[in-house]
Amino acid sequence: MFVAQRHRQITSLRVPFARCASSCTPVTIPVPWGSIAGVQWTVGDGPYTDWVALHGLMDNAGTFNKIIPGLPAGIRVTCIDLPGHGLSSKIAAGSLYHLLDHVVTLQRVKDYLEMKKCVLLGHSMGGWICGLYAAIMPEQVQGLISIDGIKPISRYSDGMVPRIREYFGTLEKLEKKKNEKEMSEEEAFERLFKGTNMLHGDGSITEGAARCLLERGITKSTSGSGVVFTRDTKHILKDLNGIAHEFNLEYARGISCPHLLAKASAENAATVWGKEKEAMDEVLGIYNKNKLFTLAEVEGSHHVHLNNPERVLPHVNDFVMKYQLYNNF
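Structural notes, computed from the coordinates. None of the values given here were measured: they were computed from a predicted structure. (Residues numbered from 1 in each chain as written. Predicted model: local features only at pLDDT ≥ 70, side-chain atom pairs only at ≥ 80, totals over all residues. Heavy atoms only, no water.)

### Side note on the packing of aromatic side chains
- Enumeration according to the criterion identifies four aromatic pairs in this entry.
- Arranged with centres 5.8 Å apart and planes meeting at 10°, the rings of phenylalanine 189 and phenylalanine 193 form a pair that is stacked. Of this pair, phenylalanine 189 and phenylalanine 193 both sit in helix α4 (residues 185-200), four residues apart, roughly one helical turn. In this structure, phenylalanine 189 and phenylalanine 193 share a single accessibility class: buried.
- Positioned above the aromatic ring of phenylalanine 189, the side-chain terminus of arginine 211 is 3.8 Å from the ring centre.
- Directly above the ring of tyrosine 156 sits lysine 275, whose terminal nitrogen or CZ lies 4.5 Å from the centroid. (Phe/Tyr/Trp six-rings, centres within 6.5 Å; stacked < 30°, edge-to-face > 60°. Helix = DSSP H or I, 4+ residues; strand = E, 2+ residues; numbered from the N terminus. Buried < 20%, exposed > 50% of the residue type's maximum accessible area, 1.4 Å probe, protein only. Lys NZ or Arg CZ within 6 Å of the ring centre and 35° of its normal.)

The following block contains the structure:
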């Protein structure tokens with residue numbers, strides 16, 4: 001098992017945006033249901049400011065492959081595969097996923113890596129989880145960066161009964177379904193590429209970006225004659241209870257750290273659902289009351305950080321420099 005080591009040596013003051021070498025190392029974190037897998041990136045020489053990065057629904061730690069090498073020196077980023085994604089263990093059969101459970105997983109990761117305080121980076125659902133954590137544990141968060149993840153989808157009482165009924169029906173079908181059929185790697189790529197663009201809109205992800213997700217998103221089948229997706233199919237159910245809108249408002253009020261929201265210009269699956277546009281506007285109004293909040297509008301799709309990292313990095317790096325979210329000694 002891997003435990004992050006603290007680098008105590010002092011180096012000379014460096015230029016943070018010079019072409020710094022970056023490297024990544026596999027990381028495995030034990031949890032009660034198995035393990036959390038990920039990669040730990042270091043940018044430049046130590047010592048480092050610790051970051052933890054969380055991907056979006058159905059994605060994995062590969063979502064940050066293009067953006068992390070462009071960060072300033074003095075940063076160590078632990079990118080994890082959330083439970084049932086990438087190379088991380090699925091939860092037990094019969095169990096269900098909930099956003100707040102992922103918040104607990106984030107705490108487990110931080111505890112295992114002995115991080116007292118860190119910067120949180122999240123994309124989409126990962127940004128939602130990071131925001132929830134920042135609201136619940138503000139003393140442990142140095143800064144929050146969310147890429148096209150404004151808030152968890154708001155749930156309302158008038159839609160819950162039919163939603164739960166549909167959820168139970170879909171869950172029953174999933175549990176009766178046999179294991180996913182074997183595919184060639186190219187067939188898996190086509191399914192991932194087309195599925196992501198179908199979910200978030202045409203052009204959401206490029207072929208090159210999709211291949212970053214494919215690496216951790218497939219594994220050899222039991223027979224060895226093909227591959228299968230690693231993600232837990234229960235994730236298509238999303239979250240049974242979700243987060244009530246009034247709870248989302250309260251969580252938003254609880255974020256007090258430096259907070260950057262890099263919002264893509266294109267619509268995605270969350271922004272076009274139900275009453276989400278109005279709900280997002282209300283939450284953005286709360287964020288704007290935080291003097292440490294920055295909203296950056298970025299031209300691009302939901303996976304703009306992976307398709308066009310050069311559009312996102314200037315906003316992220318300006319934010320990092322402004323609030324000194326890197327170690328410059």
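### So, helix α5 (residues 207-217)
- Every buried residue belonging to α5 is among Ala209, Ala210, Cys212, Leu213, Leu214, Arg216 and Gly217, and all of these are buried.
- In this structure, the buried residues of α5 make contact with β2 (34-43), α4, β8 (218-220), β9 (227-229) and α8 (304-307). (Contact = heavy atoms within 4.5 Å.)

### A look at the sheet that holds strand β12 (residues 293-298)
- With respect to topology, eight strands assemble into an open sheet ordered β1-β2-β4-β3-β5-β6-β11-β12, the strand pairing being mixed. The open sheet has two free edges, formed respectively by β1 (22-31) and β12, since each of these has just one partner strand. Averaged over all neighbouring strand pairs, the angle between strand axes comes to 20°, with direction disregarded.
- Bridging between strand β3 (residues 49-54) and strand β4 (residues 75-80) involves six bridges; their strand directions are parallel. Within β4, the position partnered with leucine 54 by the bridge is isoleucine 80.
- Seen against the sheet, helix α1 (residues 99-112) touches β1, β2, β3, β4 and β5 (118-123) and runs at an angle of roughly 110° to β1.
- The strands touched by helix α2 (residues 125-136) are β3, β5 and β6 (141-147); relative to β5, the strand with the most contacts, the crossing angle is about 145°. (Pairing = 2+ DSSP bridges. Axes fitted to C-alpha atoms, helices over the stretch in contact; angles between N-to-C directions.)

### Notes on the pattern of salt bridges
- The full count for this structure, using the stated rule, is ten salt bridges.
- With a shortest N-O distance of 3.4 Å, glutamate 172 and lysine 176 are connected by a salt bridge. Here the residue glutamate 172 and the residue lysine 176 both occupy positions in helix α3 (residues 157-176), the gap between them amounting to four residues, near one helical turn.
- Accessibility expressed as a relative area gives 64% for lysine 176, which makes it exposed. (Salt bridge = Lys/Arg side-chain N within 4 Å of Asp/Glu carboxyl O.)

By themselves, these are just geometric observations and shouldn't be taken as functional.
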